[in-house]
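Observations on chain architecture
Listed here are the chains, written in short residue letters.
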Amino acid sequence: MNEAEFNALADAELARLEACLEALLDHCDTDIDYELKPGGIIEVEFENGSKIIVNRHSAAREIWLAARSGGFHYRPVEGRWVGTREGDDFYQTLSRCMSEQAGEPITLAP
């Protein structure tokens, strides 16, 4: 996959993530905010001031997730974004990280 193909795929996934975050904010009382930043970056901020950063990394052809609990890298595999180390699902890990940082259960589903 070339860089342009990857960027299109990653941008579509980041748009899907944005829609998930909007749906979450519409249906919960959790104090979470997010901001889209240039270059394929989504920054999620929690009431306690902690943040989660999700961004595309074109050179590695991955989406990266940075949270308090660590950094995670995901590659597209058969229509899903799969962790490069443990084969975990992007949305499951992001939901876990968001729950940890928010102090309450959060589930994101594309």
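Data block above holds the structure.
Residues numbered from 1 in each chain as written. Predicted model: local features only at pLDDT ≥ 70, side-chain atom pairs only at ≥ 80, totals over all residues. Heavy atoms only, no water.

Details of the pattern of salt bridges
Note the following rule: Here, a salt bridge means any Lys or Arg side-chain nitrogen found within 4 Å of an Asp or Glu carboxyl oxygen. Counting from the N terminus, the helices are the DSSP runs of H or I reaching at least four residues and the strands are the DSSP runs of E reaching at least two. Relative accessible area decides the class of each residue, using a 1.4 Å probe on protein chains only: under 20% of the type maximum gives buried, over 50% gives exposed, and in between gives partly exposed.
Under the definition given, this model contains seven salt bridges. For arginine 96, the salt bridge goes to glutamate 100, with nearest N and O atoms at 3.1 Å. You can see arginine 96 and its partner glutamate 100 sitting in helix α2 (residues 90-102), four residues apart, about one turn around the helix. Judged by its relative accessible area of 37%, arginine 96 falls in the partly exposed class. Residue classification places glutamate 100 among the partly exposed positions, given a relative accessible area of 45%. One network of salt bridges, in which partners are shared, links Lys37, Glu43 and Lys51.

Things to note about the pairing of strand β3 (residues 51-57)
Operational definition: Strand pairing requires that DSSP identify at least two bridges connecting the strands.
Across five bridges, the pairing between strand β2 (residues 41-46) and β3 is antiparallel. Note on β3: the bridge partner recorded for isoleucine 42 is valine 54. As consecutive antiparallel partners, β2 and β3 are separated by four residues, and within that stretch glycine 49 has a phi angle of approximately 90°, a positive value. Bridge analysis of β3 against strand β4 (residues 62-67) gives five bridges, and the strand direction is antiparallel. If you follow arginine 56 over to β4, its bridge partner there is isoleucine 63. Counting the residues that bridge the hairpin from β3 to β4 gives four residues, and of these arginine 61 lies at a positive phi of roughly 60°.

Interpretation in functional terms is not warranted from these geometric data alone.
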